[in-house]
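Each chain, letter by letter, is given below.
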Amino acid sequence: MDCSVPCAKILGQVEEIWRHGTMDYQEQVEDVIANAHVGDLIEFSYPIGYSHWGVYDGDGHVIHFSVADEGRVMKTFRGYLQTVFPLCGDLLLGDTLVRRQPLSEVNVPDGAHVLISNNRHACKPSEESDIRKRLDALLDKELPYNLFTLNCEHFATFVRYGVAVCNQIPGRTKNKELEEATETFQKLVF
């Protein structure tokens, strides 16, 4: 069995992670901006072992699941949750907004790394025109967040590949489409 392609991909991932590990966060952001293309998957790798995902939109911006707009009471409550659960307070609340934001302004915990991660899913990328159509249709939409069935990785992979996949949920088959999430996004796009 020829595993040279998978091995080359793994070695490329290790090299990318090592290279980024020697840069401070701002240098990583600048490197991503210098090398990313519209539709690239942007991974914000958190020190506790999970990642936040977005899609590069050009001009130093990423489109991703972000905290939904909220009133003062909810903002105070979210602040409290983030104090108690600094790395996952947002996950405990239910709504998210698909937002375009400068890559350097995405809220990440200390010790996070940011990198282009187009090789973590065994899917074929869509044409840029299809990626653009999905990005434009989903931008500014408010959606219910669910760690298992509708999360940031489902969003990012749907935009890039046309199917919603999440490889970081323990016990789930890797690279398997979550049809429920794909259908949710498709209803908003088509």
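Preceding this section is the structure that the text describes.
The paragraphs below set out a description of the structure included in this document. Going along each chain's sequence as written, the residues are numbered from 1 onward. Per-residue local features of the predicted model are confined to residues with pLDDT of at least 70, and side-chain atom pairs are confined, for both listing and counting, to 80 or more; whole-chain, interface and lining totals are unaffected and use all residues. Side-chain measures were taken over the full set of non-hydrogen atoms in the model, leaving aside hydrogen atoms and water.

Structural notes on the overall build of the chain
Alright, step 1. Numbering goes from the N terminus for both helices and strands, where a helix is a DSSP run of H or I of at least four residues and a strand is a run of E of at least two. On a plain count of helices and strands, the chain comes out with six helices and six strands.
Alright, step 2. Of the regular secondary structure in the chain, the N- to C-terminal order runs α-α-β-β-β-α-β-β-α-β-α-α.
Alright, step 3. When burial is assessed residue by residue, the chain has 42% of its 190 residues classed as buried.
Alright, step 4. A fraction of 68% describes how many contacts in the chain between residues 6 or more apart in sequence connect residues 24 or more apart.
Alright, step 5. Each accessible area value is a Shrake-Rupley result obtained with a 1.4 Å probe; residue values ignore everything except the protein chains displayed when judging cover. In the structure as shown, the chain presents an accessible area of about 10,300 Å², 54% of it carried by carbon and sulfur atoms. For every residue, the accessible area obtained with a 1.4 Å probe (protein chains only) is divided by the maximum for its type, and the residue is called buried under 20%, exposed over 50%, and partly exposed between those limits. The contact criterion used throughout is that any non-hydrogen atoms of two residues lie within 4.5 Å.

Describing the packing of aromatic side chains
Alright, step 1. Two rings from Phe, Tyr or Trp (for Trp, the six-membered ring) form a pair when their centres are within 6.5 Å of each other. A pair whose planes differ by under 30 degrees is stacked, one over 60 is edge-to-face, and the rest are tilted. Tallying each qualifying case throughout the model produces six aromatic pairs.
Alright, step 2. Arranged with centres 5.1 Å apart and planes meeting at 65°, the rings of Tyr46 and Tyr50 form a pair that is edge-to-face.
Alright, step 3. A relative accessible area of 10% means that Tyr46 is categorised as buried.
Alright, step 4. On the basis of an interplanar angle of 25° and a centroid distance of 5.3 Å, the ring pair of Phe158 and Phe185 is categorised as stacked. Placement of Phe158 in helix α5 (residues 152–161) and of Phe185 in helix α6 (residues 179–189) is noted, with a sequence separation of 27 residues between them. Across this residue pair, the class does not change: Phe158 and Phe185 are buried.
Alright, step 5. Any Lys NZ or Arg CZ found within 6 Å of a ring centre and within 35 degrees of that ring's normal is scored as a charge over the ring. Positioned over the ring face of Phe158 is Arg134, at 5.6 Å from the centre of the ring.

Concerning the pattern of salt bridges
Alright, step 1. Note on definitions: salt bridges are taken to be side-chain nitrogens of Lys or Arg within 4 Å of carboxyl oxygens of Asp or Glu. Taken as a whole and judged by the stated rule, the model has five salt bridges.
Alright, step 2. A salt bridge links Asp40 to Arg160, with the shortest nitrogen-to-oxygen separation between them at 3.7 Å. Here Asp40 is found in the loop between α2 (25–35) and β1 (41–45), whereas its partner Arg160 is found in helix α5, with 120 residues between them in sequence.
Alright, step 3. Residue classification places Asp40 among the buried residues on the basis of a relative accessible area of 7%.
Alright, step 4. The partner of Glu43 in a salt bridge is Arg120, and the shortest N-O contact between them spans 2.9 Å. A residue pair is termed long-range when its members are at least 10 positions apart, and Glu43 in strand β1 and Arg120 in the loop between β5 (113–116) and α4 (128–138) qualify at 77 residues.
Alright, step 5. Using a relative accessible area of 24% as the deciding quantity, one classes Arg120 as partly exposed.

Section: α4
Alright, step 1. If you check which residues of α4 are buried, you get Ile131, Arg134, Leu135, Ala137 and Leu138.
Alright, step 2. In this structure, the buried side of α4 is in contact with β2 (51–58), β3 (61–67), β4 (95–102), α5 and α6.
Alright, step 3. Downstream of α4 by one or two residues, Asp140 has phi in the positive range, about 70°.

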